[in-house]
Amino acid sequence: MCVRGLSFRVRLEVMSGFAQRIRYAVSRISAVEQYSLSSLPVLERSLVPVLSVASTFYTFGILVRQLLYQLGIFGRTSLQGYRGGDEVHLLQKHLQDTPTRFGVGSNRTKVALSILRHEAEQRSNGLASIIGWKAEIGVAILDDGMQHWALERDLEIVMINSLTLWGNERLVPRGPMRESLEAIERAHVVVLHHANLVLDDQLKSIRETIDPFLRKGSIVLSSHMRPLCIYRYTKSSYLPSELPLLEVKGAVTLCVSAVGCPESLDLILLQVGASHVERLDFVDHHKFKNEDLKGIAEVFKQLQLRFPHQRVMLVTTEKDYMRDPAVMIELGNLGEGIFVLHSALEIVGCHGNDQSFRELLGSVYRQQNSKRMRLTS
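Residues numbered from 1 in each chain as written. Predicted model: local features only at pLDDT ≥ 70, side-chain atom pairs only at ≥ 80, totals over all residues. Heavy atoms only, no water.

### Things to note about the overall build of the chain
Assigned secondary structure in the chain consists of 10 helices and 9 strands. Expressed as a percentage of its 377 residues, the buried residues of the chain come to 42%. Counting contacts in the chain only where the partners sit at least 6 residues apart, residues at least 24 apart contribute 72% of the total. Accessible surface, the chain as shown: approximately 20,800 Å² in total, 56% of it carbon and sulfur. (Helix = DSSP H or I, 4+ residues; strand = E, 2+ residues; numbered from the N terminus. Buried < 20%, exposed > 50% of the residue type's maximum accessible area, 1.4 Å probe, protein only. Contact = heavy atoms within 4.5 Å. Areas by Shrake-Rupley, 256 points an atom, 1.4 Å probe, with all protein chains shown as cover.)

Below you can see the structure in the form of structure tokens.
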């Protein structure tokens, strides 16, 4: 179900420093169709020719690079690591009681191999059981790695943001895409994310767009982020209070985020009952600074003045909070504190494809496990 338009929403942008302004300008350009460029400010329009030339060089470079890998001129490795960033902090928090290992570094191959070598050494020395390693690493997951040709992979999963889609369909930096839509043919699984936040007709249109590029036997799933609860952090305590989603009902909320799709946060808050939502959008992965916090505090106080008889809440995402908790907690002295929305990925509307997906995962794992057994025997 789409809730767009059920409440008045105002988009606000906070831009600190020249680099931040340029990054924001590029993100705006990448989301605007060619015929709408005239609506952009002069500074942003002046960047379009430069970005177009850069996109041409990028397109040529990626085609040449892919060809070199396909011809075997560039070698490929069979394992990977994690490049780091705010995602790894969030994953470490939620997977801390599991046998998951995290590799952090720009050279994913080198990092992953070092983890595997280290684990092999620990096992050979009899230390695995002492430090709690009860299982071998059986699956390696590469996040955001469709263009990471240096690594072999057994399964390609592509997620499509149903809210933002492919913007102006141009390649970076002129647009948001790293490859053309034809690259979908390499995917074994395609997931339409935020499917619950758009109309059924739009989902149908997305399917019609990608269908010509799907490989034979590929699986198409839908997913969304299911809100579970909210955590409240205050300046006086680093330990959060877990609260039900009903806390948001009827409240005026200020959404502060630096994620790829800020639209999803305010739409989710509207779904759980917020009466009014406004946003402060920063570019993805932005690290908040003191001047940002001052701007956020000023907007929050303005909302309190505009809605003197309603509860005003400052809400952000887990990814934003975990990026730098020591900085974000500084916002804990506003109102009742800073509220962090906790959500979980949920597969929905699969029409039996979820079972096919599980069977596909099991098949790939069995094949690779069999291959590994043959190599070690």
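Having put the structure on the table, let's press on.
### Overview of helix α2 (residues 42-70)
Over its 29 residues, α2 extends 43 Å from the first C-alpha to the last, a length consistent with the 42 Å expected when each residue adds 1.5 Å. Taking the largest bend as the criterion, α2 deviates by roughly 30°, centred on Val-48, and proline Pro-49 comes between one and four positions later. In the segment just after α2, Gly-72 is the residue with positive phi, at about 85°. (Expected span 1.5 Å × (residues − 1). Bend = angle between axes of the 7 residues up to and from the residue.)

### What about a nonpolar patch on the surface?
Taken together, the side chains of Leu-67, Leu-71, Ile-73 and Phe-74 make up a nonpolar region of the molecular surface, amounting to roughly 400 Å² of accessible area. Looking at the element boundaries, Ile-73 is found in the loop between α2 and α3 (86-94). (Patch = residues over 30% accessible without salt bridge, like charges linked within 9 Å, V, L, I, M, F, W, Y side chains within 5 Å. Salt bridge = Lys/Arg side-chain N within 4 Å of Asp/Glu carboxyl O.)

### Remarks on the side chain of His-342
Within the fold, His-342 resides in strand β9 (residues 338-348). On the accessibility criterion, His-342 (12% relative accessible area) is buried. The residues contacting His-342, other than those within four sequence positions of it, are His-94, Arg-226, Pro-227, Leu-228, Cys-229, Tyr-231 and Glu-318.

### Section: the nonpolar core
Of all hydrophobic cores here, the largest spans 38 residues; its most connected members are Ile-160, Val-190, Leu-192, Ile-210, Ile-230 and Leu-269. If you list the elements that add at least two residues to this core, you get β2 (157-161), β3 (189-193), α5 (200-210), β4 (219-234), α6 (263-271), β8 (312-317) and β9. Here the element with the most residues in this core is α6; it accounts for 5 residues. Counting only domains with at least three residues in this core, you end up with domain 1 (4-224 + 347-376) and domain 2 (227-345). If we ignore the near neighbours within four places in the chain, the residues touching Ile-230 are Ser-241, Glu-242, Leu-243, Pro-244, Leu-245, Glu-247, Val-248, Met-313, Phe-339, Val-340 and Leu-341. Core analysis: the second largest hydrophobic core is formed by 29 residues, Val-252, Ala-258, Leu-293 and Met-322 among them. (Core = buried A, V, L, I, M, F, W, Y, C linked by side-chain atoms within 4.5 Å. Domains from an automatic or database assignment.)

### A few points about the confidence of the model for the chain
Looking at the chain, the pLDDT average stands at 84 and 85% of residues meet or exceed 70. Per-element confidence in the chain ranges from a low mean pLDDT of 47 for strand β1 (residues 9-13) to a high of 97 for β8. Confidence drops under pLDDT 50 across residues 1-15; counting only partners more than four residues distant or on other chains, this segment forms 47 contacts. (pLDDT = per-residue confidence, 0-100.)

### Focus on the packing of aromatic side chains
Under the counting rule described, the total for this entry stands at 3 aromatic pairs. With centroids separated by 4.8 Å and ring planes inclined at 75°, the aromatic side chains of Phe-282 and Phe-288 adopt a geometry described as edge-to-face. Residue class for Phe-282 comes out buried when judged on its relative accessible area of 4%. Judged by relative accessible area, which is 9%, Phe-288 ranks as buried. (Phe/Tyr/Trp six-rings, centres within 6.5 Å; stacked < 30°, edge-to-face > 60°.)

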